[in-house]
Every structure is written in C-alpha cells, then in structure tokens.
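Geometric and topological summary
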Amino acid sequence: VDLIKTRMMAVNTPIEMRYTSILNAFRSILATEGVRSLWRGMPVVFTCAGPAHGAYFASYEAMKRNLGNKLGRNNPIGHMIAGAGASLVHDAVMTPVDAVKQRMQKLKSSYRSSWHCSTSMWKEEGVRSFYRSYGTQICMNVPQQCVHFMAYERIKHHLNPNNEYRPMIHIVSGGLAGGLAAAITTPFDVCKTLLNTQPTVTEGSKQPAIRGIANALTTIYRVAGVSGFYKGWAPRMLTIAPSTAICWWVYEMFKFSLTD
C-alpha cells in the first residue's frame, strides 16, 4: 500500500501511466512488475524503523511527563508539544530513509537495491540529497504528530478513563488518531513525494529541479490544481491508520508489562 501511495502521489508521472484508483494501481503493478515490487525500498525501512520509533516514544514520554507536571496530566497542549518534539527526533533519522525508499518505489526506478540507491545518491548528489525533503517532512509531521498524539490521548482517556491495559481500546484509539492526522496532512506528503522522486538535477546543474516546500506547493498546484494536494489520500490513510493502531497496541503492551 505504501508503494501505491507513492506512485499515486507522484505528480511528475506521465499522464498515460497514472493510476485511477488503488485497485487499478495494485493490478497494474502486479501485472507489469510482479508481486516483489510491492516491497521495493522496504529493507532500509525495516533496518531503521526500530531505533527511530524507540527514540520517538522515549522522547514523547519524557516530554509528556515533564509538561504534565506543569500543565496538568491530561492537558491536550502538553500532548501536542510532546508529539511535536518526538516528531523532530524521529524525522532526523527517518528523512534519509524515506528519500531512499521513495526513490526505490517510483515508477521505472533504475536502482537495484536500497544499498545501490543510497550509494548512488551519496556519490552523485551528496549528503544533502538525503535531507532534500526535511523541511517539508517537518511541516508535515509536526502538525501530524500534534494531532495524532492529542487525538490518541483524548480518545483513549474517553474510552478508558482508568488507564488500564485494554488492547482493543489502544488499537481503536491509535487507528482513529492516525487516520485523522494522516487525512489532515496529506498535502505535505504530496510535496515530500515530489521532492524525493523528482528528476535528479536540472540540465547542466547539480541542483534539484524543485527545491523547498514553497516551490513544491506551486509546482503541484500548477500541474494538478487543488486536487493534486490530495492525490493518494486513501492509500495514505490505509497505510497509516493500521500501522498506528498496531504501534500503539505494541507500545502500550510493553509499557504496562515493564512498569507493573
């Protein structure tokens, strides 16, 4: 689903190669590229996701505890600030990973593996190519995580006021919060995808053709109009909602088992 999301969000794909729906994309990719292509770029994600999420939740809990002492235990402002701080820590690790993953996922990618993609980017474009979308990533993930953590804590508190370990409550709360946050921040993900999957350089220059979030926003609007900012919103929600549901369930399980 993540590969389909990237393909559908790519506004620089030729019109005749664009997908009309998730099912159309799934069938087309299976028919022309095979089932293995659906997992292109995933090895580098599997390698780095564990440490990134560990730092993510550790920083969130530390900030939530400190802010809770000042603002009150269930203050939504505290949850939003803690979520924003956790996002900054997470994105410092995952932005280069996303750059490699999306280069691997784009249509007709020439890279043989994640390692080949990483070394090619380093040699041909330098270290800055890994952080080309970092500004957009922050603009997307800081508000996304503010909404995500605030919504999760509010929904969980409403459904589970005694803060007990109840797996189904954590799954439902995580899924609803993740889906809501994903829907709100889809335009920034479209910008990030454009920055990560655009042609490497302009002719005769070592600079990327599109630089920065402002340039990406105007390019998307010029090419696809307002609807272009919501390309791929459905597969984005289908990717994020289940993953956040599982993530919160596993996190809360370990949190309760280690603290009891």
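The topology assignment puts valine 97 in helix H4 (residues 76–105). Exposure remark for valine 97: the relative accessible area of 4% places this residue in the buried category. The sequence separation of valine 97 and glycine 178 amounts to 81 residues, and the corresponding C-alpha distance is 21 Å. Contacts of valine 97, omitting those with residues within four sequence positions, involve Val44, Val45 and Cys48.

There is a patch of nonpolar side chains on the surface, built from Leu23, Phe26, Leu30, Val35, Trp39 and Phe46 and spanning about 630 Å² of accessible area. When residues of the nonpolar patch are assigned to their parent elements, the largest contribution, 3 residues, is made by helix H2 (residues 22–33). Within the fold, phenylalanine 26 resides in helix H2.

This next bit is on the pattern of salt bridges. In total, this model carries 11 salt bridges according to the counting rule given. Between glutamate 61 and lysine 255 there is a salt bridge, with its nearest N and O atoms 3.3 Å apart. One end of the pair, glutamate 61, is in helix H3 (residues 42–71); the other, lysine 255, is in helix H10 (residues 233–259), with 194 residues separating them in the sequence. On the basis of relative accessible area, lysine 255 is assigned to the partly exposed category, the value being 25%. A salt bridge links lysine 64 to glutamate 153; the shortest N-O distance between them is 3.2 Å. Of this pair, lysine 64 sits in helix H3 while glutamate 153 sits in helix H6 (residues 134–159); the two residues are 89 residues apart in sequence, bridging distant segments of the chain. Classification of lysine 64 by relative accessible area gives buried; the value is 15%. Look at the salt bridges and you will find they share partners, linking Glu61, Lys64, Glu153, Lys156, Glu252 and Lys255 into a network.

Cut-off values and rules
- Residues numbered from 1 in each chain as written.
- Predicted model: local features only at pLDDT ≥ 70, side-chain atom pairs only at ≥ 80, totals over all residues.
- Heavy atoms only, no water.
- Helix = DSSP H or I, 4+ residues; strand = E, 2+ residues; numbered from the N terminus.
- Buried < 20%, exposed > 50% of the residue type's maximum accessible area, 1.4 Å probe, protein only.
- Contact = heavy atoms within 4.5 Å.
- Patch = residues over 30% accessible without salt bridge, like charges linked within 9 Å, V, L, I, M, F, W, Y side chains within 5 Å.
- Areas by Shrake-Rupley, 256 points an atom, 1.4 Å probe, with all protein chains shown as cover.
- Salt bridge = Lys/Arg side-chain N within 4 Å of Asp/Glu carboxyl O.

These figures capture arrangement, not role.
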